Amino acid sequence: PWPLIMSQKELDLTATLGDMIIPEDEYSPSATAVGAPDFINEWVSAPYENQHKDRVLILSGLHWLDAESKARFKTAFIEASTPQRELIADDIAFAGRIKTGYSQPARFFARFRSLISGGFYTTDEGLADLQYQGNQPVIGDYPGPTQDALEHLQSALAQLNLDKRVIQP
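Residues numbered from 1 in each chain as written. Predicted model: local features only at pLDDT ≥ 70, side-chain atom pairs only at ≥ 80, totals over all residues. Heavy atoms only, no water.

1. Things to note about the overall build of the protein
Check the secondary structure of the protein and you find seven helices and zero strands. Each helix and strand of the protein, placed in order from N terminus to C terminus, yields the pattern α-α-α-α-α-α-α. Here the C-alpha atoms of the protein give a radius of gyration of 21 Å, more than 25% beyond the 15 Å that 2.2 N^0.38 yields for 169 residues. Per-residue burial over the protein gives 34% buried out of 169 residues. When contacts within the protein are restricted to residue pairs at least 6 apart in sequence, long-range pairs at least 24 apart make up 59% of them. Taken as a whole, the protein presents about 10800 Å² of accessible surface, with 55% of it coming from carbon and sulfur. Between the averaged position of the 14 positive side-chain charges in the protein and that of its 23 negative side-chain charges there is a distance of 12 Å. (Helix = DSSP H or I, 4+ residues; strand = E, 2+ residues; numbered from the N terminus. Rg over C-alpha atoms; globule rule 2.2 N^0.38 Å. Buried < 20%, exposed > 50% of the residue type's maximum accessible area, 1.4 Å probe, protein only. Contact = heavy atoms within 4.5 Å. Areas by Shrake-Rupley, 256 points an atom, 1.4 Å probe, with all protein chains shown as cover. Lys, Arg positive; Asp, Glu negative; His and termini not counted. Charge placed at Lys NZ, Arg CZ, Asp CG, Glu CD.)

See the structure below:
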């Protein structure tokens, strides 16, 4: 265990942005409801080199979000309206549509989105949302791949100019 470093304000920003990325819907709870912000806090607090890099990126990005909201709308990000928050996120969230001069905030958003998704989809609720069943035992003889799977494999091998032998189940 190590000390957690995020302030309450940073956790609130994480929850607000995280729930924009993974909101509650008819299939699953929000990112915050399953503790994804706590996962990010644990991640950026960890005493390892890669997490130290993420710490700088994530914390500075959260502070940028708040400053950007105050500059544009005269209010903190968590107090801004949903459309106002979306305007900021739209400028940094989509490759090919990043607002000029916003490459660093876009880098933050991409990493944040990856972390919040990892925090969400590694929970029981996130796995259920994916309808992930995991490895399932096969009772009796293994039937091998389906014909569709074999045809897909052959097509992929042909495109790569690799061995085109037919694999028999």
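2. Remarks on helix H1 (residues 8-21)
Its 14 residues place the ends of H1 20 Å apart at the C-alpha level, agreeing with the 20 Å of an ideal helix rising 1.5 Å per residue. Among the residues making up H1, those that are buried are Glu10, Leu11, Leu13, Thr14, Ala15, Thr16, Leu17 and Gly18. (Expected span 1.5 Å × (residues − 1).)

3. Section: the layout of surface pockets
In this structure, the largest pocket encloses a volume near 190 Å³. Every residue lining the largest pocket is listed: Leu17, Met20, Ile21, Thr82, Arg85, Glu86, Ala89, Asp90, Ala93, Phe94, Phe109 and Arg113. Looking at the lining of the largest pocket, the elements with two or more residues in it are H1, helix H4 (82-90) and helix H5 (103-121). No other element matches the five residues that H4 contributes to the lining of the largest pocket. In terms of residue class, the lining of the largest pocket is built from seven nonpolar, one polar and four charged. (1 Å grid on protein atoms, 1.4 Å probe; cavity = no way out; pocket = protein on both sides within 12 Å on 5 of 7 lines; lining within 4 Å. Points joined across faces, edges and corners; volume = space filled by probe spheres on them. Nonpolar A, V, L, I, M, F, W, Y, C, P; charged D, E, K, R; others polar.)

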